[in-house]
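# Breakdown of the fold
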Amino acid sequence: MKKVKLYIYNKGTNTLHIHGLCKDAHGSSNSDYFETESDAVKSKGRSLRMCQPCLDKRDEILNKLNLEELK
């Protein structure tokens, strides 16, 4: 099975996005792609920053999943 690279690192802004979670989460020639957040940090170092809209959307999705599991 082909592994999906969900994390998109924008070299120009030093920002890590999650595919599809914000308007800037799309690839370009100025992007690197990673399977996990950990892979990105290992490659780019801890100085990279996470996109706040992507983090907010990810947390919203995870919270919904957790609430559904509790039902």
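## Here we look at the sheet that holds strand 1 (residues 7–10)
Spatially, 4 strands are ordered 3-1-2-4 in an open sheet, and the strand pairing comes out mixed. This sheet does not close on itself; its edge strands, each paired only once, are strand 3 (31–34) and strand 4 (49–50). In this structure, strand 1 lies alongside strand 2 (residues 15–18), joined through 4 bridges in antiparallel fashion. Counted as the bridge partner of Tyr9 is Leu16 from strand 2. Along the sheet face, helix 1 (residues 37–44) touches strand 1, strand 2, strand 3 and strand 4 and points at about 130° away from the line of strand 3.

## What about the pairing of strand 1?
Hairpin connection between strand 1 and strand 2: a loop of 4 residues separates the two successive antiparallel strands, and Asn14 in this loop has a positive phi of roughly 60°. Sheet analysis places strand 1 next to strand 3, joined by 4 bridges and oriented antiparallel. Bridging from a neighbouring strand, Tyr7 pairs with Phe34 of strand 3.

## Considerations on the pattern of salt bridges
The final tally for this structure, using the stated rule, is 7 salt bridges. Close ionic contact of Asp59 with Arg58 constitutes a salt bridge, the shortest N to O distance being 3.6 Å. The class for Asp59 is partly exposed, based on a relative accessible area of 36%. Exposure remark for Arg58: the relative accessible area of 25% places this residue in the partly exposed category. A network of salt bridges, in which partner residues are shared, links Lys11, Asp32 and Lys44.

## Overview of the pairing of strand 2
Of the two faces of strand 2, the one holding Thr15 and His17 and the one holding Leu16 and Ile18 are both buried throughout. Direction of pairing for strand 2 relative to strand 4: parallel, over a ladder of 2 bridges. Looking at strand 4, one finds that Leu16 is bridged to Met50.

## Here's the deal with the confidence of the model for the protein chain
Overall, the predicted model of the protein chain reaches an average pLDDT of 88, with 94% of residues at or above 70. Mean pLDDT values over the elements of the protein chain span from 88, in helix 2 (residues 52–70), up to 96, in strand 2.

Criteria and cut-off values
Per chain, residue numbering runs from 1 following the sequence as it is written. Selection of residues for local features in this predicted model requires a pLDDT of at least 70, selection of side-chain atom pairs for listing and counting requires 80 or more, and totals for whole chains, interfaces and linings are taken over all residues. In computing side-chain properties, one takes all heavy atoms of the structure into account and sets aside hydrogens as well as water. Each pair of strands is called paired provided DSSP finds at least two bridges between the two strands. Runs of H or I in DSSP of at least four residues are treated as helices and runs of E of at least two as strands, each being numbered from the N terminus. Contacts: residue pairs with any heavy atoms within 4.5 Å of one another. Axis lines are fitted through C-alpha atoms, for helices just across the contact stretch, and the angle between N-to-C directions can take any value from 0 to 180 degrees. Each reported salt bridge corresponds to a side-chain nitrogen of Lys or Arg within 4 Å of a carboxyl oxygen of Asp or Glu. Only protein chains enter the area calculation, which uses a 1.4 Å probe; residues under 20% of their type maximum are buried, those over 50% are exposed, and those in between are partly exposed. In predicted models, pLDDT denotes the confidence assigned by the predictor to each residue on a 0 to 100 scale.

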